Amino acid sequence: MPAKPGRLTVPGARKPARRGLCLAALAALVLPATASTRLMDDIELEGQNGSVRVKVSFTVPLNYLRHFPPEKGEILNVFLQPASATGLRETLGHPATDEIRRSPRSPLLPCFTVTYVQPRDVQRDPVQLVLQFDQPVSYRVEPGADGRSLVLVLPAQPNASGQPYDCKTKKK
């Protein structure tokens, strides 16, 4: 069928199967790029010998720098540095906003959130994570053996009911 004057036509545009295939191909190109802007990959909890091991996994290699306060608190600030010389911006892209993850619910540990705070200068400033617990906890912080994670070891604080804690932490 000939095109009407002033009207743009696309060959095969009337065929729904081709349109669906084109949309799927476009989504496949766009979605991986969006997913790669996440810094945090997963939060895992593992109970062992009266303690809980919390592993925060990242999508890029990061080196542990320091944390504050040293041993106990309701809020824990952790500072990390990109492992590669290309820096966070080239490796990860430039996340437009802070990223917030909630911990899995557990009967052994109060709930917490992990917030990636976007640095002012991605090339110069360290990556900052803020962990906020529903109540003060004691902890030990160490880099993960894989270079893509941070590990916290906390004494187990079993919920008296045996059920997972009710989470009070809210997104900021």
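Located above this text is the structure these notes cover.
Quick word on the environment of P69
Next, step 1: Mapped onto the fold, P69 is located in the loop between β3 (62-68) and β4 (72-82).
Next, step 2: A relative accessible area of 18% places P69 in the buried class.
Next, step 3: If sequence neighbours within four positions are ignored, P69 has contacts with I75, L76 and Y139.

With respect to the sheet that holds strand β9 (residues 149-155)
The pairing of strands in a sheet happens through backbone hydrogen bonds and is either parallel or antiparallel.
Next, step 1: Ordered in space as β1-β2-β9-β8, the 4 strands form an open sheet in which the pairing is antiparallel. The open sheet is flanked by β1 (40-48) and β8 (140-143), the only strands paired with a single partner. Adjacent strand axes in the sheet meet at a mean angle of 20°, parallel and antiparallel pairs treated alike.
Next, step 2: As paired strands, strand β2 (residues 51-58) and β9 are joined by 7 bridges and run antiparallel to one another.

As for the state of the cysteines
Next, step 1: For the coordinates displayed, the defined rule picks out 1 disulfide.
Next, step 2: With its sulfur 2.1 Å from that of its partner, C111 forms a disulfide with C167. On the sign convention where negative means left-handed, the S-S torsion of about -65° between C111 and C167 marks this disulfide as left-handed. Note that C111 is positioned in the loop between β5 (99-102) and β6 (112-117) and C167 in the segment after β9, a separation of 56 residues in sequence.

Cut-off values and rules
Residues numbered from 1 in each chain as written. Predicted model: local features only at pLDDT ≥ 70, side-chain atom pairs only at ≥ 80, totals over all residues. Heavy atoms only, no water. Helix = DSSP H or I, 4+ residues; strand = E, 2+ residues; numbered from the N terminus. Buried < 20%, exposed > 50% of the residue type's maximum accessible area, 1.4 Å probe, protein only. Contact = heavy atoms within 4.5 Å. Pairing = 2+ DSSP bridges. Axes fitted to C-alpha atoms, helices over the stretch in contact; angles between N-to-C directions. Disulfide = S-S within 2.5 Å.

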